[in-house]
Amino acid sequence: MSAPAPQPARFMVRAEGVHKRFGRLEVLRGIDLAVRPREVMMLIGPSGSGKSTFLRCINHLEKINAGRIWVDGELVGYRQVGSTLYELNEHEQARRRSEIGMVFQRFNLFPHMTALQNVIEAPMLVKRTARAQAVERARQLLERVGLAEKADAYPSQLSGGQQQRVAIARALAMDPKLMLFDEPTSALDPELVGEVLAVMRQLANDGMTMIVVTHEMQFAREVGDRVVFMDGGVVVEEGPPAEVLTNPKQERTRGFLARIL
Amino acid sequence: MGVEVERGATFTVVPVRRYGQAVLAVVVALLVAWLAAAGASSHFVNPRVVSQYLNNPLILGGLANTIFVSIAAMIIGIVLGVIFAVMKMSSNVVLAAVSGFYIWFFRGTPVLVQLIFWFNGVPAVFHELALGVPFTHVVFFSMPMVAFMTPLAASLLGLGLNEGAYMAEIVRGGILAVDEGQVEAAQALGMVSSQTMRRIVLPQAMRVIIPPIGNEFISMLKTSSLASVVTYGELLRRASDIYSSNLFVVELLVVASIWYLALTTVASIGQYYVEKRFARGTSRAERETPWSNLVRNIVRLGR
Ligand SMILES: Nc1ncnc2c1ncn2[C@@H]1O[C@H](COP(=O)(O)OP(=O)(O)OP(=O)(O)O)[C@@H](O)[C@H]1O
Ligand SMILES: [Mg+2]
C-alpha cells in the first residue's frame, strides 16, 4: 500500500474503493462514501447487498480486502507514522472501536446483566471509569431513552423496543463520535418501532454523526441528511432523501423503492 | 365411565388394558423378593459387622479423603477444562493442536492406567523434579520425584488431568452455545477478547456447563475409588486395608457402598437445587424433582 495523503478530519467516515470477499463471494465491490461530522446518512438497499458488511468494516469487525476506510481522519485497522502503516494490535483496535457505537438488529444486550449493568459494563471495563461515575452517567442515559425506571430489569423482562433503547444507551455510554445502526427496528413489533425511532431522532437532533441501515423510508426521509442506495456491493445512487426517495435517477433504485413501498 | 362428547350423545370410554405391564411387574417383584430372601438366609453379610464399621475412624477418614480428592480433582479439572477449551477454540493453530492432543490422549486412555502411570511410571523414569530455565543448567528448585509423587499427588494428577479433558469438551460446548451476537456486541464496545470471554461469554456459558459439571462430580465421587490402586487412603482403600486383616470382605464393601450411595445421593440433591437456580425459566427445571434427578443419576451407568 502506498503512503496515503494525510487526512484532515473533514469527514467523520471516508471510504475509498472498499472491497470485501467471503471466500469466493465478493460482497463489497468498490464502495466510495464520505460522511461529514454531524451528518445522518441513511443506508438502504435489498437484502444481501452488503449493508451490514459495510458497517462492520467501519469498526473493523470485518477486515477489508482492498481499499481504505478512515474514521475521524484515522485509517481503520492501521496506525500511520510518517509514510509507514503499522497494523494495530488487539488493544489499539479495541480502543478505536470503543469510540464507535453500534446498535444491532437483534439488540444483543447481555442477558445476564440488568439494564444498568449493561450500560456501565464497558465504561468500567474498557475506559476504567469509576463505578459511581459510570452509574451516574448510565442513569442519565437511561433517563434520556425513557427507561429510568427499568434500570434493574433484566433484558428478558423488557419488550423489544425497551431492549433496543437500552442498547442505544449502552452504546452512548462510551461517548462515541459515530453511531452505526444496523436495522435497529427490523426485529420489532410495529407498535414498538416508534419509540426507538424517537430516540434516534433525538440523537440526530443533538448532532450525533450517524450511519443508519433502515427499511423505514418515512424515517429516512425525515431524519436523514442523505440517503445512499446500495445494491450488489456497490453504491448505486446517493443524494438528499427527497431526491433519492422521490425521484430516483437509477432504474435499480426505482425498482427497489417500488418493491418495498 | 360415561363421557359427554357432544350434546345428546354419551359414550363409554374404555382405557387401554396393559396386561403385559402387570405380568412384568409381578415377575420382577418375585425375582427381587427371591434375591432378598436368599441374601438374608445365606448370612453372607453380618449386619452387626457392617454397623460396627460404618463409623469406624479409619472409614470416616477415608470418607473425608474421598470427598477431598474428588473436590480437588474437580477444581483442577474445571480450571484445566476452561484453559484447554479456550485454547482449542483459539485461532492459534499450535494452541488448538496442543489442546486437541490433550483431550484426545486423556479421554482415550483409561484413568486407571493414567493413575498408575503417574504413581509408578513417572518416578521410575524421572528421578528428580526440577524447576529451572529449560535447555540450560539454571535450576531454582529440585526434589526427588519419589518424594513429590505421593499417593495424593498421583491421585490429583491422574484424576484432575483426566477430568480436565472431559471438562474441556463440556466448557467448549457451553461457549459454543453462547450467541455470536454477544461477542460482536462486546467487541463493538471496545472489549478485547480476554475481557469478552471473562465478562460476557463464560458467565452465559455457565448455564449450559453447570448441569454436566454436577454429573461429572457425582461420577468423580465414584471414580475416585480408583485412587486406591496408588495407595491413597480414600474410602475403598481404607475398607480394603481393614478387610485384608479381619477378612470381613463383603461387610466392608457394603460399608464402603453405603457411604458412596450417601455421597452420590447428597450430591444429586444438591445438583437438583443448583440446576434449578441456573435453569430458571426452562421447562425441564420445572418437571424434575429431587427424586427424579436422583433416579436419573443412578440409572445412568458410568460413562
Ligand atoms: N461472515 C460471513 N461469511 C460468509 N458470507 C457472509 C458473511 N457475512 C455476510 N455474508 C454474505 O454477504 C452478503 C451480504 O451480507 P450483508 O449481511 O452485508 O447484507 P445486508 O445488505 O445487510 O442484507 P440484509 O438486509 O439481509 O441484512 C450475503 O450474501 C451474506 O450471505
Ligand atoms: Mg444486514
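Computed from a predicted model, the values in this text were never measured in an experiment. (Residues numbered from 1 in each chain as written. Chains lettered and ligands numbered in written order. Predicted model: local features only at pLDDT ≥ 70, side-chain atom pairs only at ≥ 80, totals over all residues. Heavy atoms only, no water.)

1. Overview of the confidence of the model for chain B
Residues and elements named next belong to chain B.
In step 1: Per-residue confidence for chain B gives a mean pLDDT of 86, with 89% of residues at or over 70.
In step 2: Scored below 50 in pLDDT, residues 281-286 makes four contacts in the model with residues more than four places away or belonging to other chains.
In step 3: Across the interface, the model reports ipTM at 0.92; the global pTM reads 0.80. (pLDDT = per-residue confidence, 0-100. Contact = heavy atoms within 4.5 Å.)

2. Digging into the site of ligand 1
Residues and elements named next belong to chain A.
In step 1: Neighbouring ligand 1 are Phe22, Leu25, Val27, Pro46, Ser47, Gly48, Ser49, Gly50, Lys51, Ser52, Thr53 and Glu183.
In step 2: Ser52 places a side-chain nitrogen or oxygen 2.6 Å from an oxygen atom of ligand 1.
In step 3: In isolation ligand 1 offers 640 Å² of accessible surface; the protein chains occlude 60% of this area.
In step 4: Contributing elements (two or more residues each) for the shell around ligand 1: β2 (25-35) and α1 (51-58).
In step 5: In terms of residue count, the dominant contributor to the shell around ligand 1 is α1 (three residues).
In step 6: Taken together, the residues of the shell around ligand 1 sort by class into four nonpolar, six polar and two charged. (Near = heavy atom within 4 Å. Polar contact = N/O pair within 3.5 Å; in protein donor to acceptor, adjacent residues only side chain to side chain. Areas by Shrake-Rupley, 256 points an atom, 1.4 Å probe, with all protein chains shown as cover. Helix = DSSP H or I, 4+ residues; strand = E, 2+ residues; numbered from the N terminus. Nonpolar A, V, L, I, M, F, W, Y, C, P; charged D, E, K, R; others polar.)

3. Side note on unusual backbone geometry
Outside of glycine, negative phi angles account for most residues, and trans bonds account for most peptide bonds.
Residues and elements named next belong to chain A.
In step 1: At Arg38, a position not held by glycine, the phi torsion is positive, near 70°.
In step 2: With respect to the helices and strands, Arg38 occurs in the loop between β2 and β3 (40-44).
In step 3: Unusually for a residue other than glycine, Phe107 sits at a positive phi of about 65°.
In step 4: Checked against the element boundaries, Phe107 lands in the loop between β8 (100-103) and α3 (115-126).
In step 5: A relative accessible area of 10% places Phe107 in the buried class. (Buried < 20%, exposed > 50% of the residue type's maximum accessible area, 1.4 Å probe, protein only.)

4. Looking at the pairing of strand β6 (residues 78-81) of chain A
All names here are of chain A.
In step 1: Here β6 runs beside strand β7 (residues 84-87); their pairing, made up of four bridges, is antiparallel. Note on β7: the bridge partner recorded for Val81 is Thr84.
In step 2: Counted along the chain from β6 to the antiparallel partner β7, the turn is two residues long, and its residue Gly82 has a positive phi close to 60°. (Pairing = 2+ DSSP bridges.)

5. Points about the nonpolar core
Residues and elements named next belong to chain A.
In step 1: Ranked by size, the top nonpolar core spans 52 residues in total, and within it Leu142, Ile168, Met179, Phe181, Met200 and Met210 carry the most contacts.
In step 2: Sorting elements by how many residues they give to this core places helix α6 (residues 190-205) first, with eight residues.
In step 3: If sequence neighbours within four positions are ignored, Phe181 has contacts with Leu55, Val103, Ile168, Met200, Leu203, Met210, Ile211, Val212 and Val213.
In step 4: Counting residues in hydrophobic clusters, the runner-up holds 39 residues, among them Met12, Cys57, Val76 and Val228. (Core = buried A, V, L, I, M, F, W, Y, C linked by side-chain atoms within 4.5 Å.)

6. Quick notes on the interface of chain B and chain A
In step 1: Contacts between the two partners involve 19 residues from chain B and, on the opposite side, 26 residues from chain A.
In step 2: Carbon and sulfur atoms supply 59% of the area that chain B and chain A bury against each other, a total of about 1,800 Å² over both sides.
In step 3: Its largest share of buried area at the contact with chain A, chain B owes to Glu184, Ala188 and Leu189 of chain B, together 31% of the area lost on that side.
In step 4: Summed over the shared surface of chain B and chain A, the result is three salt bridges. (Buried area = accessible area lost by both parts, 1.4 Å probe. Salt bridge = Lys/Arg side-chain N within 4 Å of Asp/Glu carboxyl O.)

7. Side note on helix α4 (residues 131-144) of chain A
Residues and elements named next belong to chain A.
In step 1: A rise of 1.5 Å per residue sets the reference length of α4, with its 14 residues, at 20 Å; its end C-alpha atoms lie 20 Å apart and thus fit the reference within 8%.
In step 2: By the burial criterion, the buried members of α4 are Ala134, Val135, Ala138, Leu141 and Leu142. Viewed end-on, α4 has its buried residues packed into an arc of 125°, placing them on one side of the element. With respect to the buried face of α4, the exposed residues turned more than 90 degrees away are Ala132, Gln133, Glu136 and Glu143.
In step 3: Buried residues in α4 make contact with α3 and α5 (160-172). (Expected span 1.5 Å × (residues − 1). Arc of directions from axis to C-beta.)

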